[in-house]
Structure formats: C-alpha cells, structure tokens
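Structural overview
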Amino acid sequence: YQPKLDLGTGSISGVEALLRWNHPVHGAISPDQFVPLAEKTGMISEIGAWTLNKACRQMQQWRSDSVAIESVAVNVSAFQLTSPCFFDTVRDALDRYDLEPSDLMLEITESAAMRNPELTLVMLRKLASLGVAISLDDFGVGHSSLAHLKQLPVCELKIDRGFIRDIENDPEDIAIVLAIIALARATNLKVVAEGVETAGQQALLAEIGCEAIQGYLIGRPSPPDDIAAIASSYEAKRKNFEVSFTRDE
C-alpha cells in the first residue's frame, strides 16, 4: 500500500493498494509484466477479485484499529471493466467486510476506460451510483479527451508522475500541471499529483493549488503495519499543529 497526503488537512486521506508478485525463483516481478499476461489468459478477473477483497479486508482492519485512513484505492483493468460480474464482485466485497461504498476508490487509466468505452461507461456509472469513488489515473498521458472526461463519472484526477519529476525546473511541466488543476476545479474534481519525491515539489504543488500528493516523499509502497504508522505520524503532526495554532491565536 502507498499513502496519499491531503495537503489541506495534513492527513493521510487514503492509500493505493499495489499488487506485487514475489516469485520463488525469479524474484520480484513487475505488474507491467504479469498483468498483461493475466489479461491474455483470462486470469485477471480472479486476480482482481482477490486483490479487491484483500484491500477491503485490510481497510476493515484499519478501521477496527482506529487508523486514520479514509479510503483504499484499487486499480482496475480494462478487462474487469467489461466483465458483467465485476459490479457484483465489488458489491460483495463491500458487504463481506462491512464497508461503505465511500471507503473504496477504484482507479482506472484513460487507456483502460477507452478500450471499450460503451461497456466501460455503463459499468462505471453503476459503480458510481453505488457510491464507489472513481479516480482517473495517469492523467495527461493517455487519450486526454475532454469529451471522454465529461462522460466518465470520475471524482478525482491523478497527474502522471512524468509531469512532476522536473516540475521545479521545467516551466512547461508547471504550465501543464496548472492547466490540469484548473480543469479539475472547473469540473469539480479533486486532483492528486503522483511521484512526489522532494519537499520542493510538495511546496510548489501546494502553492499552485494541488489538493493531494502521493510518492516516496510521503511513503514508499509498504506493508499494512508500516502504513498505519505513517498515518498515525501525520495525524499526530496535524493535531500538534492545531494545538499550536490555537495557542498562537
């Protein structure tokens, strides 16, 4: 899991569940390698359902332990979005672990959403009507069609890390990020910057109005106990700041 920091509140607003395969012979295998193979062989539905349930169970555990995490995000493939049983898989996972739909966010990429737009749109609208949040991942590097964005029932845009890497030194990256933030505000969407690795990047993004960030600066992909520690640390900082601010007043 990797945490996401709300720049307005200073709290960990959510986490993204990241699938990793530690092979006994070949070691760590990237999702870029095994997910396309899983889609090709038809195993992605089973793997996706396992991942979704694992993330929901972990969210239930964090809630039970009073860990300050608002929601868990799970990545969804194009294959899952066109599967007739996917809606039931999501609903059953929420029921199984006694979660509200708002406790879950599903992340899709622009390319996945446009693979089969008619079926995908129907599925996403059903999920949104259930109350599940939809996030558009890697925004800016896919189709980036405003017509498509208008149709998709998304509530969040995630700015691709490629625009964040050199944002402190590249005026073009700043211009692109500013444009995405303006677009998000105009369409009433939240905006998250991915790949944030330095305090300078965080400060600049906060200055230009980015609402949340995700990246190694906040936390690397980590086991659940480490995520709980990170969330508790940021929550303690937030409360200390509030106490200090009140005293100053």
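Use the structure listed above.
The notes below deal with the structure included here. Remember, it's a predicted structure, so these values are computed and weren't measured experimentally.

We now examine the packing of aromatic side chains. Evaluation of the coordinates by the stated rule reveals 2 aromatic pairs. Measuring from ring centre to ring centre gives 5.1 Å for Tyr1 and Trp62, while their planes differ by 75 degrees; the resulting arrangement is edge-to-face. Note that Tyr1 is positioned in the segment before β1 (2–6) and Trp62 in helix α2 (residues 44–64), a separation of 61 residues in sequence. We note that Tyr1, like Trp62, is buried. For the cation-ring pair, Arg220 lies above Tyr216, with the distance from its terminal atom to the ring centre recorded as 3.9 Å.

Moving on to the environment of Leu146. Here Leu146 is to be found in helix α7 (residues 146–151). According to the relative accessible area criterion, Leu146 is exposed, its value standing at 55%. For the pair Leu146 and Pro224, spaced 78 residues apart in sequence, the C-alpha to C-alpha distance is 37 Å.

Volume-wise, the largest pocket comes out at about 1,100 Å³. Around the largest pocket, the lining is made up of 39 residues, and of these Pro31, Asp32, Val35, Asn75 and Asp137 lie nearest the centre. Counting residues per element, the lining of the largest pocket draws most heavily on helix α1 (residues 31–41), which supplies 5 residues. Residues belonging to the lining of the largest pocket are distributed by class as follows: 15 nonpolar, 12 polar and 12 charged.

What counts and how
Residues numbered from 1 in each chain as written. Predicted model: local features only at pLDDT ≥ 70, side-chain atom pairs only at ≥ 80, totals over all residues. Heavy atoms only, no water. Phe/Tyr/Trp six-rings, centres within 6.5 Å; stacked < 30°, edge-to-face > 60°. Helix = DSSP H or I, 4+ residues; strand = E, 2+ residues; numbered from the N terminus. Buried < 20%, exposed > 50% of the residue type's maximum accessible area, 1.4 Å probe, protein only. Lys NZ or Arg CZ within 6 Å of the ring centre and 35° of its normal. 1 Å grid on protein atoms, 1.4 Å probe; cavity = no way out; pocket = protein on both sides within 12 Å on 5 of 7 lines; lining within 4 Å. Points joined across faces, edges and corners; volume = space filled by probe spheres on them. Nonpolar A, V, L, I, M, F, W, Y, C, P; charged D, E, K, R; others polar.

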